Amino acid sequence: VSHVGGGGGGGDGENSGGSGGGGASSSSSSSYSSNNPIAGTNNIHGLLNILQSQMRPPNRDSKPSPDRFHFAVDHCFPIKGQGTVLTGTCLSGSARPNDMVEFPTLATQKKVKGLQMFRRKANVVQQGDRAGICVSNFDAKLMERGIIASPGTVKLIRGAIAVVRKVRFFKGGLASGAKFHVSVGHTTVMATVSFWGAREIAAQVEEGSEKKNASNAQKKSFGKSSLGGSADLAGLPRLKFDWNQDFLHQDNYLDVLPADDERSVDSKMPLHWARLEFLTPVYCPMDSLVIGSRLDSEVNANACRLAFSGRLVERYDAKSDHGRLKSYTKKEKAGSVCRLGDPHRRLDDGKIVRYEVFGTDLFKKETNMTQFVGLLIETDRGDVGSIQSSFGTSGKFRVNFPGGTDIREGDSLYLRFKRYANDPKKAIHQDGTALPLARTGSRVDPPAKKKKNKAKNGNGKNNNAPSSSQASVVKNNNASSKSAPINNDRNINNGAAVGEIIKLKGDTLPNGKQTVAIVSGLFSMEDDIRQHKGRKVISVAKPEEEGVVDGSFGKMGKCKVLFEDGISAEAVGSRVKMPERET
């Protein structure tokens, strides 16, 4: 410093006094600085402590490994009489003089003539070293930037799967199937990008898989290449892609996960899997950093053109790997109950349930039902059953509920399944739902009807046939009994007829009850039920509910009973009584 200051003082004759004074001052300042090196600084020791506490030495592969040598070239120039020098950074492995290296983009190999680091000859370059490699018989005009590597270690790839994250400053959405400029190392090519797997990655990271994979990756990361920068510094975790995992189909990149996927709040964009299909094949190792951009957007628009960053995880070939991706779409078809099976009283809770119901409006008339047998059916009440077979020829089907269900006629039945996008057979798949355990019950039987004795004697005549002397008496009795609405063999409880509720119909009231019950046993096939319309009918079950006969139902003596206040589903299978008509 004194020499420079003195030179300044003696260099200008007109200002020799001032310059000379400046030289003296510099000399004294230099003398003071040599005695106190950190004079005039502010807390330099604190700065040094922070740097030492925050900086960590990178993981380096200290073992020689010429079989996985990757070298990123950033400049290439000839030296007369020496050869061509390639300067850059060793990404992985090691190289020595006389080793063979490959130029993947040029499909040629050259021998290493010499190595140099910081203008000094070197015997070996390893991961992380900044070096110059001299090769002979190579035209420097053929390559400016790129990569050289051990022969056969860097493959030409036409596509890749990467874990990506959107740049939060990028305006607009990222649609699957859109084209982006993708930069890998020193190469930028157009690629078609599809996004998926946001929910699955979030669940994987939440379960701690990221930490496990990161620790495993650190143990095995020696020798891994990383073109274009560090994906670790970009905040991209080391995740392993599972070809056997199912992924829900996405039409675009999700900036925010759906509300049903409640994860820890994170200011960063959610991670996604991305499929990159390069329009021009590229040479790059896995684990390299990739950057997706929209360089075709307006330059002066004052907007970020960097769309996403990512880490290459797997090679992808559209021809051979397209069918391996398990991307599915959720589907749902809805039908309704058209008929109920026999009522049963469940043994564990005494509830009246049906183990078999019949549905409609789910399949077409010409549908082949064999492919749907065994699929699970769900109800609004959460009951789960399985399709057993078709029922008739109009598209109806039979469903069995092992645990029973209290579903009613007209209620909805749902067939939920998923279908894989890449499945040529478009097969139906169901998972996550299982049939419940069987809950047994006893059948609630209707009252048995008395059968007429039709035994005949040896002459073929009815043994119970009246004699001729009794014929007129029987005729008169029959004539007098026409006004009796109920047969004598069915008149009990002081003339009251007793029947059973076999099912419910009609509208559902706000209280959950239905207005019409179908009753059997009150009348026979020969009775004219129209003559008894309006007669009172009382349910025996508690609480008693009162209705009136509203008409016939079919031709087997069944009748419809109208309950203005409704009747509950628990009444199915219970008895009703019809008091004798008041005179």
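The preceding data block contains the structure.
Counting starts from 1 at the beginning of each chain's written sequence and moves along it residue by residue. Given that the model is predicted, a residue must reach a pLDDT of at least 70 before its local features are reported, and side-chain atom pairs must reach 80 or more before they are shown or counted; all residues, however, enter totals for whole chains, interfaces and linings. Side-chain calculation: all heavy atoms of the structure are included, whereas hydrogens and water are not.

Asker: Looking at this structure, how should I read the overall build of the chain?
Answerer: A tally of helices and strands in the chain yields 7 helices and 31 strands. In this scheme, a residue with accessible area under 20% of its type's maximum is buried, one over 50% is exposed, and one in between is partly exposed, where area comes from a 1.4 Å probe on protein chains only. Across the 583 residues that make up the chain, the buried fraction comes to 38%. Only heavy atoms matter for contacts: two residues are in contact if any of them lie within 4.5 Å across the pair. The long-range fraction of contacts in the chain, counting pairs at least 24 apart against all pairs at least 6 apart in sequence, stands at 68%. Note on areas: Shrake-Rupley, 1.4 Å probe, and residue coverage restricted to the protein chains presented here. For the chain, the computed accessible surface area is about 34,300 Å², with 49% contributed by carbon and sulfur atoms. Only runs of H or I of at least four residues qualify as helices and only runs of E of at least two qualify as strands under DSSP, and these elements are numbered from the N terminus.

Asker: Please explain the side chain of Lys-418 as it appears in this structure.
Answerer: Mapped onto the fold, Lys-418 is located in strand 23 (residues 412-420). The exposure class assigned to Lys-418 is buried, which follows from its relative accessible area of 7%. Under this definition, polar contacts are N or O atom pairs within 3.5 Å; protein pairs additionally need one hydrogen-donor-capable and one acceptor-capable atom, and for neighbouring residues in sequence, both atoms have to be side-chain atoms. Of note is the side chain of Lys-418, whose polar atom sits 2.9 Å from the side chain of Asp-246. Other than its neighbours up to four places away in sequence, Lys-418 contacts Asp-246, Tyr-328, Thr-329, Lys-330, Ala-427, Ile-428, His-429 and Asp-431.

Asker: Quick question: what am I supposed to make of the packing of aromatic side chains here?
Answerer: Aromatic ring pairs are described here by two measures, namely the spacing of the ring centres and the angle between the planes. Any pair of Phe, Tyr and Trp rings, taking the six-membered ring for Trp, is counted once the centres come within 6.5 Å. Such a pair is stacked with planes under 30 degrees apart, edge-to-face with planes over 60 apart, and tilted for the rest. Inspection of the entire model under this criterion finds 15 aromatic pairs. Their ring planes at 45° and their centres at 4.6 Å tell us that Phe-363 and Phe-372 sit as a pair that is tilted. Owing to a relative accessible area of 8%, Phe-363 belongs among the buried residues under this scheme. Here a set of aromatic residues connected by ring pairs shows up, and it is made of Trp-196, Phe-241, Trp-243, Phe-247 and Trp-273. A ring has a charge above it when a Lys NZ or an Arg CZ is no more than 6 Å from the ring centre and no more than 35 degrees off the ring normal. Against the face of Trp-243 rests Arg-324, its NZ or CZ located 4.0 Å from the ring centre. Positioned over the ring face of Phe-358 is Arg-339, at 5.5 Å from the centre of the ring.

Asker: Help me understand unusual backbone geometry, please; the structure alone is not making it clear to me.
Answerer: In this structure, Asp-287 is a non-glycine residue whose phi angle is positive, near 80°. With respect to the element layout, Asp-287 can be found in the loop between strand 14 (272-283) and strand 15 (289-293). When its relative accessible area of 8% is taken as the criterion, Asp-287 is described as buried. The phi torsion at Lys-426 lies on the positive side, around 55°, for a residue other than glycine. Along the chain, Lys-426 falls in the loop between strand 23 and strand 24 (441-443). For Lys-426, a relative accessible area of 44% puts it in the partly exposed group.

Asker: So what exactly am I meant to see when it comes to the pattern of salt bridges here?
Answerer: Where charged atoms from two side chains of opposite charge come close, those side chains can pair. Each salt bridge in this description consists of a side-chain nitrogen of Lys or Arg and a carboxyl oxygen of Asp or Glu lying within 4 Å of one another. Per the stated rule, a full pass over the model turns up 24 salt bridges. Among the ionic pairs, Arg-346 bridges to Asp-348, the shortest N-O distance being 3.7 Å. A residue is classified by how much of its surface remains accessible, and Arg-346, at 7% relative accessible area, is buried. What makes Asp-348 partly exposed here is its relative accessible area of 48%. Arg-381 is paired through a salt bridge with Asp-411; the nearest N and O atoms lie 2.8 Å apart. Pair noted here: Arg-381 is in the loop between strand 20 (376-379) and strand 21 (384-391) and Asp-411 is in the loop between strand 22 (396-405) and strand 23, with a separation of 30 residues, a long-range link. One network of salt bridges, with partners in common, ties together Arg-346, Asp-348, Asp-349 and Arg-439.

Asker: Looking at this model, I keep getting lost on the environment of Trp-243. Mind explaining?
Answerer: Topologically, Trp-243 is positioned in the loop between helix 5 (209-220) and strand 13 (246-248). When the C-alpha atoms of Trp-243 and Lys-326 are compared, they prove to be 7.4 Å apart, with 83 residues separating the residues in sequence. Excluding anything up to four places from it in sequence, Trp-243 contacts Ile-161, Glu-314, Arg-315, Tyr-316, Asp-321, Arg-324, Leu-325 and Lys-326.

Asker: Which parts of the structure should I look at to understand the nonpolar core?
Answerer: Soluble globular proteins: nonpolar side chains tend toward being buried together. What makes a nonpolar core is a set of buried Ala, Val, Leu, Ile, Met, Phe, Trp, Tyr and Cys residues whose side-chain atoms join them at distances within 4.5 Å. Counting residues in each nonpolar core, the largest one holds 26 residues, and the members touching the most others are Leu-174, Phe-180, Phe-195, Leu-276, Phe-278, Phe-308 and Leu-312. Those elements that place two or more of their residues in this core are strand 10 (156-166), strand 11 (178-184), strand 12 (187-196), strand 14 and strand 16 (306-315). For Phe-195, the residues in contact, after removing those within four places along its chain, are Val-164, Leu-174, Ala-175, Ser-176, Phe-180, Gln-250, Asn-252, Tyr-253, His-272, Trp-273, Ala-274 and Phe-308. Cys-90, Phe-103, Leu-115 and Phe-138 belong to the second-largest nonpolar core, a separate cluster that totals 20 residues.

Asker: How should I be thinking about the pairing of strand 30 (residues 559-567) in this particular structure?
Answerer: Each regular strand carries side chains that alternate between the two faces of the sheet. Pairing analysis gives 5 bridges linking strand 27 (residues 514-520) to strand 30, with the strands arranged antiparallel. Paired with Gln-514 across the bridge in strand 30 is Ile-567. Pairing between strands requires that DSSP locate at least two bridges from one strand to the other. Pairing of strand 29 (residues 546-552) with strand 30, which is carried by 4 bridges, proceeds in the antiparallel orientation. Within the sheet, the bridge partner assigned to Val-548 lies in strand 30 and is Leu-562. Linking strand 29 to strand 30, which pair antiparallel, is a turn of 6 residues; within it Gly-554 sits at a positive phi near 80°.

Asker: What is the right way to look at the sheet that holds strand 15 in this model?
Answerer: Sheet strands pair via backbone hydrogen bonds, and the direction of the pair is either parallel or antiparallel. With antiparallel pairing, the 6 strands of this closed barrel are ordered in space as 10-14-12-11-15-16. Taken over all neighbouring pairs, the strand axes of this sheet differ in orientation by 40° on average, direction set aside. Examined bridge by bridge, strand 11 and strand 12 share 7 bridges and lie antiparallel to one another. Across the sheet, His-181 pairs through a bridge with Met-190, a residue of strand 12. With axes taken as lines fitted to C-alpha atoms, and helix axes fitted only over the stretch in contact, angles between N-to-C directions fall between 0 and 180 degrees.

Asker: Sorry, what's going on with the pairing of strand 10 here?
Answerer: With 9 of 11 residues buried, strand 10 is to be regarded as a mostly interior element. With 7 bridges joining them, strand 10 and strand 16 adopt antiparallel strand pairing. Bridge pairing in strand 16 links Val-164 to Gly-310.

Asker: Looking at this structure, how should I read the environment of Phe-138?
Answerer: By the secondary structure assignment, Phe-138 is in the loop between strand 8 (130-135) and strand 9 (146-149). Along the backbone, Phe-138 and Val-85 are 53 residues apart, and their C-alpha atoms lie at a distance of 9.3 Å. The contact partners of Phe-138, leaving out residues within four places of it in the chain, are Cys-76, Thr-84, Leu-86, Phe-103, Leu-106, Lys-110 and Met-143.

Asker: Explain the side chain of His-344 here, please?
Answerer: Among the secondary structure elements, His-344 is positioned in strand 18 (residues 343-346). Here His-344 falls in the buried class, since its relative accessible area comes to 17%. From its side chain, His-344 meets the backbone oxygen of Asp-342 in a polar contact 3.0 Å long. Excluding anything up to four places from it in sequence, His-344 contacts Lys-351, Ile-352, Val-353, Tyr-355, Gly-441, Ser-442, Arg-443 and Val-444.

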